[in-house]
Amino acid sequence: MKDITRRNFVKTSMVAPAVLLRKSEAAGAAFAAGTGGSTASSRNSSQKRKAKQIRIIGICCSPRKAKTTAASLRVCLEAAKEVHPSIEVELIELAGMKIDGSLAAGLPLEPGQRDDFPKLVPKLSDPVVAGIIVGTPVYFSSMTSLCKAFLDRCITFWENNMALSGKVAGVLAVGGSRNGGQEITIQSVQAALLCQEMIIVGSGRPAPRIGATVWNSGKGDVTEDEFGMATTRKLGRRVAEVALQLNGMGK
Ligand SMILES: Cc1cc2nc3c(=O)[nH]c(=O)nc-3n(C[C@H](O)[C@H](O)[C@H](O)COP(=O)(O)O)c2cc1C
């Protein structure tokens, strides 16, 4: 029987060749498939790193940098990190980035148009990334347009090698009201992530729920929302625990 090497596996399991990618995203997706840009030694070191370290990324979808959603995600990631020494975390704020959702439909970049999504592709598809926590403010009972644009642009993974498949996902929503639509917002983000074959989890024990539901009372620090922060920490822990289990490092 022919040996199954990583190289053979990648060659036979590619759903679509890199030439079918949107040009701006090809480099990142090739990285994700392990077919381009990386040398044998960098692949080896990434495999070694995978055995020791897993990464959980928070994506902050508020158009406002370093505000309540970012603060909540920091708490969530900190809780994830505390679960195990092999977990590293990173917060990516989409605020200030140009992510045009309409490019998901295959429209070309306009001359001079800036597009920041391609730089996210290798970051998110890196095999060391075992979990992604999407945080969005509630805007009229749903996600922000920035969050939707980001999720729509993730079609690049869906169309090519499903690079997000099997990664754990959790969702956090921050609203200006205690019951301002956080849960339906979380659900609509989860629905998009399910299309990526991600493993969706909610906030874990005690009293597991759909995700992290945070209230920005407007009075000051969002981390003073005791109930919301409890759901936030439980989400971080749950994402971490399931990521560890899926990587053969859990209980
Ligand atoms: C256009 C818009 C719509 C909003 N709609 C809601 C809503 O439906 N429910 C809610 O609880 N808060 C709503 N908010 C409040 C934000 O969710 C809240 O201020 C949140 O903390 C903002 O997140 P950020 O600080 O990370 O930007 C809305 C805010 C804006 C700007």
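See above for the structure.
All of these numbers come straight from a predicted model, not from anything done at the bench.

Draft legend 1. Main features of the overall build of the protein. The secondary structure content of the protein amounts to nine helices and six strands. Split into buried and exposed, the 251 residues of the protein put 46% on the buried side. When contacts within the protein are restricted to residue pairs at least 6 apart in sequence, long-range pairs at least 24 apart make up 77% of them.

Draft legend 2. Looking closely at the pattern of salt bridges. For the coordinates displayed, the defined rule picks out eight salt bridges. The partner of Arg 55 in a salt bridge is Asp 126, with the nearest N and O atoms 3.9 Å apart. In this pair, Arg 55 is assigned in strand E1 (residues 54–60) and Asp 126 in the loop between helix H5 (120–125) and strand E3 (129–137), connecting sequence segments 71 residues apart. With a relative accessible area of 14%, Arg 55 lands in the buried category. Residue class for Asp 126 comes out buried when judged on its relative accessible area of 10%. Taken together, the shared-partner salt bridges connect Arg 55, Glu 88 and Asp 126 into one network.

Draft legend 3. Geometry of helix H8 (residues 182–194). A rise of 1.5 Å per residue sets the reference length of H8, with its 13 residues, at 18 Å; its end C-alpha atoms lie 18 Å apart and thus fit the reference within 8%. Within H8, the full set of buried residues consists of Gln 182, Thr 185, Ile 186, Val 189, Gln 190 and Leu 193. Buried residues in H8, looked at end-on, bunch into an arc of 135 degrees, giving them a common side. Tucked into the core, H8 has its buried residues touching E3, helix H6 (145–153), strand E4 (168–175), strand E5 (199–200) and strand E6 (212–215).

Draft legend 4. Quick look at the pairing of E3. Within E3, nine of the nine residues are buried, which leaves the element mostly enclosed by the surrounding structure. Note that E1 and E3 share six bridges and pair parallel. By the bridge assignment, Gly 58 is partnered in E3 with Ile 133. Sheet analysis places E3 next to E4, joined by seven bridges and oriented parallel. Across the sheet, residue Pro 137 finds its bridge partner in E4, namely Val 174.

What counts, and at which threshold
- Residues numbered from 1 in each chain as written.
- Predicted model: local features only at pLDDT ≥ 70, side-chain atom pairs only at ≥ 80, totals over all residues.
- Heavy atoms only, no water.
- Helix = DSSP H or I, 4+ residues; strand = E, 2+ residues; numbered from the N terminus.
- Buried < 20%, exposed > 50% of the residue type's maximum accessible area, 1.4 Å probe, protein only.
- Contact = heavy atoms within 4.5 Å.
- Salt bridge = Lys/Arg side-chain N within 4 Å of Asp/Glu carboxyl O.
- Expected span 1.5 Å × (residues − 1).
- Arc of directions from axis to C-beta.
- Pairing = 2+ DSSP bridges.

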